[in-house]
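Close look at the chain arrangement
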Amino acid sequence: MTLLNNTFGRQPLTREVAGGLAAILIFCATLPLSAQQVAQPVAQPVPEKAKIEDVLSYADMLYGRDKFALAAQQYQIFIQEQPQSPNLQIAWFRLGECYLKAGQEDDAVTSFNFLIKTYKKGAFVGSGAYRLAVLRYNAGDFENALTYFKIARDELTAPEAKLQARYYYARSLQLTRQNKEALAEFNLVLEAAPQEKNPFYERCLLETARLSFDLGETEKALEKFITLSETASTREIKEEAIVRGGLLASEVGQVEQSEKLLNQALRFSDTSPWKSLAQVGAIFNAFTAEDYQKVVGLYNTGAYNTPNESRAKLLLIVGHSYRILGDLESALRLYSIVEGKFSDQKEGIEAGYRKLQILHQTGDNLLPEFAGRFAEKQRKVDPESSFIDMAYLMKAEWHFNQADTSASGPGSEFAIKHYTDAANAYKKVRADKIDEKYLEARLYKQGWSEIESNNRQDGILTLSRFIQRYPNSKLASSALAKRAMAYQAQEDHQFALGDYQDLAKRFPDAPEAEFAMQQIALILAHDRKIPEMIAAYEALLAKFPETDGAGEAHYWIGVGKFDLEDYKASVPELKKAREIDPDYDDRATLRMVIALYQLEDVPALATETKRYLEKPAPAKGEKRSVLPPQIIEYLGRKLAAEKNYKDAEYFLTAIADTEKPKQTSASIWRLLAESRMELKKHREAINAFDQYLLQTEKPSERASAYLERGKAQYCLRDFDASRQSAQESLRSQKEGRTNAEARLLLGDVAAAKGDLEQGLKEYLIVSQIFMDPEVTPKALLKTVNAYRSLGNQEKAEQLNQELTTKFPNFKAPKSLDPEC
């Protein structure tokens with residue numbers, strides 16, 4: 001093996017393991033290596049024994065003269081040249097010693113470890129283990145020190161060395177919090193030798209007292225402290241035993257013993273670290289036992305007259321008790337006294353901090369100002385104090401709560417201001433200075449505050465750190481949702497979609513899962529990924545059938561089906577949407593109308609169109625979509641063709657613009673007029689015919705329109721207007737059926753006005769010059785009746801005979817007058 005030659009500095013003992021260990025290295029270095037401690041050889045010496053002994057003796061001689069570097073070289077030669085020598089253990093041990101003396105600690109460690117692992121048993125193994133244990137112990141590595149001390153305890157043979165190894169083995173157990181095991185080992189040290197011959201007896205008794213107390217064995221601890229208070233030879237042990245014995249005696253109800261011990265403690269030197277504790281003994285003991293009522297009771301009775309130097313601690317403890325009991329006013333009073341009178345002491349600083357805690361607990365409006373002032377003052381005294389960070393944390397929490405509970409709601413000027421202040425305060429908190437239990441919520445709220453204060457980019461980064469560090473946090477789903485919303489606000493829809501999908505997958509039962517699934521669908525709708533959007537909304541409804549977004553879901557499913565031209569499937573979804581959420585009424589109905597139009601479902605189309613048209617007008621300033629006129633026209637024509645003139649007239653009227661009649665087509669005006677004629681709405685029909693005539697130039701169409709307008713005027717007994725319309729018809733159409741019917745209308749008008757002879761002329765012209773299976777026999781019959789009325793029976797019979805001959809199947813209507 002290769003042995004390194006570099007040097008390594010030795011580590012000092014730590015404060016927590018002080019109390020005699022400074023002598024350990026001296027003891028190790030001077031530990032006598034008697035014949036009994038050296039392992040016996042496993043074979044007889046070889047023939048070159050003298051030569052071998054010369055090399056080993058020479059190395060030992062150099063070692064004895066403190067020529068450690070030269071000695072180390074000789075030991076290495078011996079080890080390398082005589083690998084089978086029975087004296088290798090001592091050579092390896094001495095080699096490690098040389099390195100240790102020369103300051104080559106790494107090489108020493110290597111040598112001792114080789115010795116231990118190779119030979120495992122024997123005094124030299126024990127001594128090497130002891131040296132390694134001391135090195136680890138002084139370095140604060142108590143776990144590894146424990147292992148080596150155990151080997152030393154088991155392998156060392158000298159009683160005093162074995163005892164020392166056992167003591168520090170117990171101490172290492174204690175320092176690694178293996179209290180039961182440590183107590184057992186300390187007891188073995190106590191039993192190993194009587195007090196006068198046991199250098200560790202007194203220290204062990206103290207440690208067993210401490211451990212008994214820690215393990216809840218109060219009676220045993222008290223007994224040992226009392227023994228030490230009477231027998232301890234060192235002042236520091238005796239004072240601790242007196243004070244802790246007094247406190248324990250008080251706790252177990254041994255009042256006289258407690259007073260006896262604490263009175264002794266009051267006579268300690270002012271420099272004693274135990275005197276102040278004794279002075280507040282009973283109160284402190286009660287506080288340690290969490291008997292806060294007792295603390296307050298003892299304080300109020302004035303049972304303990306403590307000197308000024310201990311008063312800060314006493315008042316602080318009493319203040320804590322008041323705070324824990326909920327008497328915040330009394331706690332504030334005592335904290336203020338401590339902060340004011342002992343501002344430069346740690347108790348004064350803590351009192352100021354506890355005041356902040358109370359202000360935070362009560363939500364006092366002065367908290368931000370006091371917290372800022374406290375942090376700045378504390379930064380000047382102790383910039384590394386965790387109180388600074390806790391003060392900023394409380395300030396941040398106050399502002400966060402103000403914004404979160406704002407009556408004006410998120411986004412208001414008030415909320416934004418407080419979220420901004422919260423974010424700034426959270427940023428000042430140093431993560432390594434506050435308890436781990438606060439880190440998670442602090443990072444989450446910082447990100448939330450940054451986003452709400454419109455600093456979205458920083459907020460996204462903060463929440464990203466939170467999500468990475470606390471992936472399984474109860475707040476993780478909320479953080480994902482908030483970050484996704486921030487992405488949406490920046491129109492980073494794909495990042496937002498990723499967060500929402502992650503949330504829905506990882507936290508399906510989180511309160512935000514429903515919102516996330518809804519947003520997934522909306523983003524897909526925004527990206528025009530129709531099938532995916534439909535599937536997303538269907539998944540939302542399947543998981544959350546009672547969701548507040550059910551109306552929205554059904555609407556967009558309907559819209560999606562509509563866009564995919566699956567009109568039949570879209571209608572029930574849209575209908576469901578408006579049933580659930582009235583806000584979707586107009587939008588859903590409009591889509592339904594178009595879908596039904598595409599499906600040519602006239603009855604359903606009529607129902608939905610009428611529903612839309614009859615809905616009350618929106619409030620002033622609100623806009624409402626207009627149904628496509630071509631759909632309403634289509635509906636009117638279909639209904640008119642089915643002779644459903646009432647509904648046809650309703651829908652055609654809806655698209656006929658009387659204020660801007662030219663914006664309505666002539667065909668609509670004509671159909672509307674005809675429907676009104678069928679419904680006997682003569683006056684309204686006339687208005688429609690007038691608008692039609694203004695837009696129509698074709699003579700034949702104008703002729704028929706004039707004729708129908710004339711009939712309506714006739715029904716209204718406006719005979720002059722009716723005659724004028726009939727004459728306009730004749731001028732527009734010189735021949736044909738329309739012309740013939742216009743002449744009959746002129747005859748009817750003349751007859752109605754009492755000029756039957758003029759009417760006869762009109763009837764006779766039609767009956768003689770126009771041949772039509774419907775118009776001609778009607779004209780003949782009118783002529784016959786006119787002749788009879790005028791007394792010309794012969795002519796009447798002649799024409800009647802003509803009627804019978806030419807039109808044998810003609811059946812006379814009930815009335816020959818225009819149908820009104």
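**Thoughts on the pattern of salt bridges**
- Applying the stated rule across the entire model yields 51 salt bridges.
- Between Glu397 and Lys445 there is a salt bridge, with its nearest N and O atoms 2.8 Å apart. A residue pair is termed long-range when its members are at least 10 positions apart, and Glu397 in helix H21 (residues 386-404) and Lys445 in helix H23 (residues 436-452) qualify at 48 residues. The burial state of Glu397 is the same as that of Lys445; both residues are buried.
- Arg624 is the partner of Asp586 in a salt bridge, and the nearest nitrogen-oxygen pair spans 2.9 Å.

**Here's the deal with unusual backbone geometry**
- The backbone phi angle of Asn454 is positive, close to 70°, even though this residue is not glycine.
- Along the polypeptide, Asn454 turns up in the loop between H23 and helix H24 (456-469).
- The backbone of Glu491 shows a phi angle near 65°, a positive value even though the residue is not glycine.
- Locating Glu491 in the fold gives a position in the loop between helix H25 (476-489) and helix H26 (493-506).

**What about the packing of aromatic side chains?**
- Per the stated rule, a full pass over the model turns up 27 aromatic pairs.
- Look at Tyr130 and Phe149: their rings are 5.6 Å apart centre to centre, the planes differ by 75°, and that puts the pair in the edge-to-face class. You can see Tyr130 sitting in helix H6 (residues 123-138) and its partner Phe149 sitting in helix H7 (residues 142-155), a full 19 residues away along the chain. The pair Tyr130 / Phe149 is uniform in exposure class, with both members buried.
- Arg587 extends its terminal NZ or CZ atom over the ring of Tyr555, reaching a point 5.5 Å from the ring centre.

**Thoughts on the state of the cysteines**
- Using the criterion set out here, one finds one disulfide in the structure.
- Covalent S-S linkage joins Cys715 and Cys820, the inter-sulfur distance amounting to 1.8 Å. Taking the sign of the S-S torsion, -85° for the link of Cys715 and Cys820, the bridge is left-handed. Placement of Cys715 in helix H37 (residues 699-715) and of Cys820 in the segment after helix H42 (793-806) is noted, with a sequence separation of 105 residues between them.
- Given the relative accessible area of 42%, Cys820 is considered partly exposed.

**As for helix H12 (residues 235-251)**
- Along its 17 residues, H12 runs 24 Å from first to last C-alpha, staying within 8% of the 24 Å computed at 1.5 Å per residue.
- Among the residues of H12, those classed as buried are Ile237, Glu239, Glu240, Ala241, Ile242, Val243, Gly245, Gly246, Leu247, Leu248 and Ala249.
- One or two positions beyond H12, positive phi appears at Gly253, with a value near 90°.

**Points about the layout of surface pockets**
- When its volume is computed, the largest pocket comes out at roughly 710 Å³.
- If you go around the largest pocket, you meet 25 residues; those closest to its centre are Glu708, Lys711, Lys778, Pro818 and Glu819.
- For the lining of the largest pocket, the secondary-structure elements that each account for two or more residues are helix H35 (666-678), helix H36 (682-695), H37, helix H39 (737-752) and helix H41 (775-790).
- The element contributing the most residues to the lining of the largest pocket is H39, with five residues.

What counts and what doesn't
Once a new chain begins, its residue numbering starts again from 1 and follows that chain's sequence as written. Only residues with pLDDT of at least 70 are given local features in this predicted model, and only at 80 or more are side-chain atom pairs given and counted; all residues enter the totals for whole chains, interfaces and linings. Neither water nor hydrogens contribute to the side-chain values; these are computed over all heavy atoms in the structure. Salt bridges are identified by distance alone: a Lys or Arg side-chain nitrogen within 4 Å of an Asp or Glu carboxyl oxygen. Numbered from the N terminus, helices here are DSSP runs of H or I no shorter than four residues, and strands are runs of E no shorter than two. Accessibility here uses a 1.4 Å probe with only protein chains present; expressed as a share of the type maximum, an area under 20% marks a residue as buried, one over 50% as exposed, and anything in between as partly exposed. Stacked, tilted and edge-to-face are the three classes assigned to paired rings of Phe, Tyr and Trp, where Trp is represented by its six-membered ring and a pair needs centres within 6.5 Å; plane angles under 30 degrees give stacked, over 60 edge-to-face, the rest tilted. Remark: a charge is flagged as sitting over a ring if the NZ atom of Lys or the CZ atom of Arg is within 6 Å of the ring centre and within 35 degrees of the ring normal. A pair of cysteine sulfur atoms is labelled a disulfide when the two atoms are within 2.5 Å. One fewer than the residue count of a helix, multiplied by 1.5 Å, yields its expected span. In this analysis, the protein atoms alone were mapped onto a 1 Å grid. Cavities are point sets where a 1.4 Å probe fits without being able to get out; pockets are open sets with protein on both sides within 12 Å along at least five of seven lines; lining residues have an atom within 4 Å of a point. Grid points are joined across faces, edges and corners, and a volume is the space filled by probe spheres set on the points.

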